[in-house]
Amino acid sequence: MQRRTKDDMSKALNRTERSIRPTRTHAPPGARETMGLVFALLSGAWLVTLAANAHATLYKWSDDRGIVHYSDQLPADAVNRANYELNRNGLTVKKTEQAPPVVQRVPKTESEEQGMRQVERNRVIAVRRDRALIESYTNEGEIDLAKSRAVATIDGQVQSAATFIAQMTKRRGELESEKVTFAPRPVPGAIEREIETIDAELARQYELIASKKKESATVAARYDADKQRFHELRSSEPTGSVVTASDGRYSAAQRAGMQLTSAH
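Overview of the structure.

Thresholds, definitions, all that
- Residues numbered from 1 in each chain as written.
- Predicted model: local features only at pLDDT ≥ 70, side-chain atom pairs only at ≥ 80, totals over all residues.
- Heavy atoms only, no water.
- Helix = DSSP H or I, 4+ residues; strand = E, 2+ residues; numbered from the N terminus.
- Buried < 20%, exposed > 50% of the residue type's maximum accessible area, 1.4 Å probe, protein only.
- Contact = heavy atoms within 4.5 Å.
- Areas by Shrake-Rupley, 256 points an atom, 1.4 Å probe, with all protein chains shown as cover.
- Polar contact = N/O pair within 3.5 Å; in protein donor to acceptor, adjacent residues only side chain to side chain.
- Core = buried A, V, L, I, M, F, W, Y, C linked by side-chain atoms within 4.5 Å.
- Salt bridge = Lys/Arg side-chain N within 4 Å of Asp/Glu carboxyl O.
- Pairing = 2+ DSSP bridges.

Moving on, we get to the overall build of the protein. Scanning the protein from N- to C-terminus turns up 5 helices and 7 strands. Along its sequence from the N terminus, the protein presents helices and strands in the succession α-α-β-β-β-β-α-α-α-β-β-β. Among the 264 residues that make up the protein, the fraction classed as buried is 20%. At a minimum sequence separation of 6, the contacts of the protein that also span at least 24 residues come to 53%. Approximately 19500 Å² of the protein is accessible, and the part contributed by carbon and sulfur atoms is 54%.

Once that is clear, we can look at unusual backbone geometry. In this structure, the amide linkage connecting alanine 183 to the following residue, proline 184, adopts the cis form with an omega of 0°. Along the chain, the position of proline 184 falls in the loop between helix 4 (140-180) and helix 5 (189-235).

With that out of the way, let us pick up the environment of aspartate 199. By the element assignment, aspartate 199 lies in helix 5. Residue classification places aspartate 199 among the partly exposed positions, given a relative accessible area of 31%. Distance in space between the C-alpha atoms of aspartate 199 and threonine 169 is 8.7 Å, their sequence separation being 30 residues. Among the polar contacts listed, one links the side chain of aspartate 199 to the side chain of arginine 172, at a separation of 2.5 Å.

Another point: the nonpolar core. By size, the foremost hydrophobic cluster in this structure holds 11 residues: Val158, Ala161, Ile165, Met168, Leu175, Phe182, Ile191, Ile195, Ile198, Leu202 and Ile209. Looking at this core, the elements with two or more residues in it are helix 4 and helix 5. In this view, isoleucine 165 contacts Leu202, Gln205, Tyr206 and Ile209; residues no more than four positions away in its chain are not counted. In terms of nonpolar packing, the next biggest core, distinct from the first, is built from 9 residues, Leu133, Ile143, Ala150 and Phe230 among them.

By the definition in use, this model includes 15 salt bridges. The shortest N-O distance in the salt bridge between lysine 147 and aspartate 224 comes to 2.9 Å. Of this pair, lysine 147 sits in helix 4 while aspartate 224 is found in helix 5, placing the two residues 77 residues apart along the sequence. Under the relative-accessibility criterion, lysine 147 is labelled partly exposed at 23%.

Attention now moves to the pairing of strand 1 (residues 58-62). Relative to strand 3 (residues 83-86), strand 1 runs antiparallel, the two being bridged by 4 bridges. Looking at strand 3, one finds that lysine 60 is bridged to tyrosine 84. Remark: 5 residues form the turn of the hairpin made by strand 1 and strand 2 (residues 68-71), two consecutive strands paired antiparallel; glycine 66 in that turn has positive phi of roughly 85°.

Distances and angles like these do not, on their own, reveal function.
Pasting the structure below:
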């Protein structure tokens, strides 16, 4: 990139003035005023160009062969390279360190290879979950509302099971009272079989309630984790880590490619 000095600009303007200056013999009426206007416009254009170049940012970097380049913009293949930002006096005002190379680890055993594949799968799943989370909600309040609805659905199932247990318990009490009326005669087999059926159903309903309560707690914790991750994605830069939650879920983020440091 070449810079024009004030002398260069003056010489260029003088050449331009001589080339467009009309002769007195052939100049038609009004030509002198027209040429003066053209000269003024050209002079303004030169001054604007000079001012723009004076404030432009200049970058310096080296390619794979060690050749140093200067440009007012960094090309795509130089973004991750070490480069320097220079002011109009050629002094370094900012230095960008080269991004560290990505090291591809080679597994030594089959089990290690399987472990690396699992880590990669977990990372992909985490990225997909983050994307789905951002696309599913617009704010944290929507996550709270979804949590309330999901928990309310499970609690409704628990309440239905509790109501059914109360009905079965009442029926079993009636059958026990009916058994007394047959003494000293044998209790009919139908009554005994119905009591056994009720006992089996009561046990199943109690197990269902315990399972639903556990499910309710898991769902609530999952929505709380989603809310926390949503907050992280919305309010802060990614950390580049993959975090494993207690329920086996993952969170992922990307690390910045390079670091800017001020030159001294």
